[in-house]
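# Overview (structure and organization)
Letter by letter, the chains look like this.
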Amino acid sequence: MKKSFIVGIISLLLILLMVYAAMAKLNDYYNFRFGLSESPIIAPFAGLLVWAVPVTELLIAAMLSLPFLRLAGLYASFVLMLLFTLYIIVMLSFYKDIPCSCGGILEEMSWGAHIVFNLGFVLLSAWAIMLEKKRRRRLPAVEAVPLSR
């Protein structure tokens, strides 16, 4: 019961983050596209990413909200947040002028705060994955029931 509650809270936090981030990007589409097109690493893919990132965030939120897809959603959120974090670290390490295309209040964070924020969600996702896998191992196996005799 406790594991389910913790996984549920973490999933809710991730859902809120993913939906907020996706909606902020879609609501400020032109600024988001401009930020992507200014990035020296991902500029060639800006046209695709401007739609793929928010759609992916919304799909992950949907997966997290469905119990039978929750574990996959946790893995997806872990990977996405890790990729965002690694992208920021690479950009900070090799480039001076870094455009922010986050949207909403996340855009107001310093880069250091952004890394800490993202790593916090990476760790929460990893913890939820661990708890969910343990919880699923302890569930009783469902026996097949014959449909006819």
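Details of the structure are given in the entry above.
Residues numbered from 1 in each chain as written. Predicted model: local features only at pLDDT ≥ 70, side-chain atom pairs only at ≥ 80, totals over all residues. Heavy atoms only, no water.

## As for the pattern of salt bridges
In the structure shown here, the tally under the stated rule is three salt bridges. Residue Glu57 pairs with Lys25 through a salt bridge whose shortest N-O separation is 2.9 Å. One end of the pair, Glu57, is in helix α3 (residues 46-65); the other, Lys25, is in helix α1 (residues 2-27), with 32 residues separating them in the sequence. With a relative accessible area of 1%, Glu57 lands in the buried category. (Salt bridge = Lys/Arg side-chain N within 4 Å of Asp/Glu carboxyl O. Helix = DSSP H or I, 4+ residues; strand = E, 2+ residues; numbered from the N terminus. Buried < 20%, exposed > 50% of the residue type's maximum accessible area, 1.4 Å probe, protein only.)

## Quick word on the packing of aromatic side chains
Within this structure, the stated rule accounts for three aromatic pairs. Taking 5.0 Å as the distance between ring centres and 85 degrees as the angle between the ring planes, the aromatic pair formed by Tyr29 and Tyr30 counts as edge-to-face. Tyr30 sits in the exposed class, given a relative accessible area of 67%. Summarising the aromatic geometry, the rings of Phe117 and Phe121 are spaced 5.0 Å apart at their centres and angled 55 degrees between planes, so their arrangement reads as tilted. Of this pair, Phe117 and Phe121 both sit in helix α5 (residues 111-138), separated by four residues, roughly a single helical turn. The class of Phe117 is partly exposed, set by a relative accessible area of 25%. We classify Phe121 as buried; its relative accessible area is 12%. Members of the aromatic cluster, each reached through a chain of ring pairs, are Tyr29, Tyr30 and Trp51. (Phe/Tyr/Trp six-rings, centres within 6.5 Å; stacked < 30°, edge-to-face > 60°.)

So yeah, pure geometry; function would need other evidence.
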